[in-house]
Amino acid sequence: MTRIAVMVIHGLGMQKENYADKLISCLSRQMDRVMVLPGAADLMLDIEPVFWADVFEEREDVLFQQLVRSQGLNYQTLRRFIIHYLADAVAYQPVENQGHNYDAVHRTLNRAMHELSRRNGPEAPLCVIAHSLGAVIASNFFYDLQFPSSSRTPYIVDTNSALERGDTLTNFYTFGTTLPLWSLRYDYFSRPIHVPSSTVDRYFPGLEGEWINFYERNDILGYPLRPIDPAYASAVKEDIEVHVGGPVTSWNPLSHGGYFTSEHMNRRIAQGLARTWTWINRSV
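Each value, and the rule that gives it
Residues numbered from 1 in each chain as written. Predicted model: local features only at pLDDT ≥ 70, side-chain atom pairs only at ≥ 80, totals over all residues. Heavy atoms only, no water. Buried < 20%, exposed > 50% of the residue type's maximum accessible area, 1.4 Å probe, protein only. Helix = DSSP H or I, 4+ residues; strand = E, 2+ residues; numbered from the N terminus. Pairing = 2+ DSSP bridges. Axes fitted to C-alpha atoms, helices over the stretch in contact; angles between N-to-C directions. Parallel < 35°, antiparallel > 145°, perpendicular 65-115°, else oblique. Left-handed = near helix turned anticlockwise from the far one by under 90°. Contact = heavy atoms within 4.5 Å. Patch = residues over 30% accessible without salt bridge, like charges linked within 9 Å, V, L, I, M, F, W, Y side chains within 5 Å. Areas by Shrake-Rupley, 256 points an atom, 1.4 Å probe, with all protein chains shown as cover. Salt bridge = Lys/Arg side-chain N within 4 Å of Asp/Glu carboxyl O. Polar contact = N/O pair within 3.5 Å; in protein donor to acceptor, adjacent residues only side chain to side chain.

Draft legend 1. Representation of the pairing of strand 3 (residues 126–131) within the structure. Extensive coverage of strand 3 is indicated by the burial of six of its six residues. Of the two faces of strand 3, the one lined by Leu126, Val128 and Ala130 and the one lined by Cys127, Ile129 and His131 are each fully buried. For strand 1 (residues 4–9) and strand 3, the ladder comprises five bridges, and the chain directions are parallel. By the bridge assignment for strand 3, alanine 5 is matched with leucine 126.

Here is the structure:
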């Protein structure tokens, strides 16, 4: 049986390498419930978290020392938090020359996809689950694969792997995403990525796939995607409002970090992955 290769991408802020553990645990429980089969997640999914925060972490810490700690500024804990949030978004911006931060972040995705391809085969179906700025990164990454240009050549570890080329992208789940804000950078923002990939029929004929976006109305960094543009209304199957976080965070902007343990969100993702897995393995 074919497993779905799942890539998880974190968002803004001070992240730890185990950031995805809670989401993986919650998603696994929901997958077991949806399939009514203990251990279903292990049989159906191979999950690989991407950790890109360390691309900027050292320089952000130096900036904090130079601008905040050495100057004795007030609210140092809050300032450190803000620096890590804002600096991630600023540092990720693409620039003209090659070898910059944009490419460095994307290489972390390349490495994760290479591992997924190595473990599951070069034609395994690919699902991406991305939070906050991670959804922007994923969108840019697959945009560069799907709409290549002479000014930006995507780096691919193994060009013979359909998975690593993005050809087998079937499901995309975004949550707490800042992607609509990035539309302000462009005069024309009407070309979302294809989900599933336009080439997916070569590997899984007739597979529908889906792009689902989740948002919490109290999360000031998370937004619906379909209202951006008619093209996004067509590309994104649903914007689903969820209530995330605990008693202290669910009613305010701190809810931005609460999606990972959302039973509602993870159950909907599990349902989508179960449909994809069932379709792909229907003749096994």
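So much for the structure itself; the text now carries on.
Draft legend 2. Quick peek at the packing of helix 1 (residues 21–35) against helix 9 (residues 263–280). Contact pair helix 1 / helix 9: the axes reach a minimum separation of 8 Å and the direction vectors enclose 55°. Looking at the two axes, helix 1 sits oblique to helix 9. Classified by chirality, the crossing of helix 9 by helix 1 is right-handed. The residues of helix 9 that touch helix 1, namely those facing Leu23, Cys26, Leu27, Arg29, Gln30, Met31, Arg33, Val34 and Met35, are Glu263, Met265, Asn266, Arg267, Ile269, Ala270, Gln271, Leu273, Ala274, Trp277 and Thr278.

Draft legend 3. Region of interest: a nonpolar patch on the surface. Taken together, the side chains of Phe81, Ile82 and Leu86 define a hydrophobic patch exposed on the protein surface, amounting to about 270 Å² of accessible area. For leucine 86, the location among the structural elements is in helix 4 (residues 76–92).

Draft legend 4. Looking closely at the side chain of threonine 199. Along the chain, threonine 199 turns up in the loop between helix 7 (179–182) and strand 5 (210–215). The buried category is assigned to threonine 199, whose relative accessible area is 14%. At a separation of 2.8 Å, a polar atom in the side chain of threonine 199 contacts the side chain of serine 197.

Draft legend 5. Structural view of the sheet that holds strand 1. The strand order across the open sheet formed by six strands is 2-1-3-4-5-6, and the pairing between neighbours is parallel. Looking at which strands have only one partner, the edges of the open sheet turn out to be strand 2 (45–50) and strand 6 (238–241). Within this sheet the neighbouring strands show an average axis-to-axis angle of 20°, counted without direction. For strand 5 and strand 6, the ladder comprises four bridges, and the chain directions are parallel. Looking at strand 6, one finds that phenylalanine 214 is bridged to isoleucine 240. Strand contacts of helix 5 (residues 101–120): strand 1, strand 2 and strand 3, with the helix running at about 160° to strand 2, the strand carrying the most contacts. Across the sheet, helix 6 (residues 133–146) lies against strand 1, strand 3 and strand 4 (169–175), angled at about 140° from strand 3, the strand it touches most.

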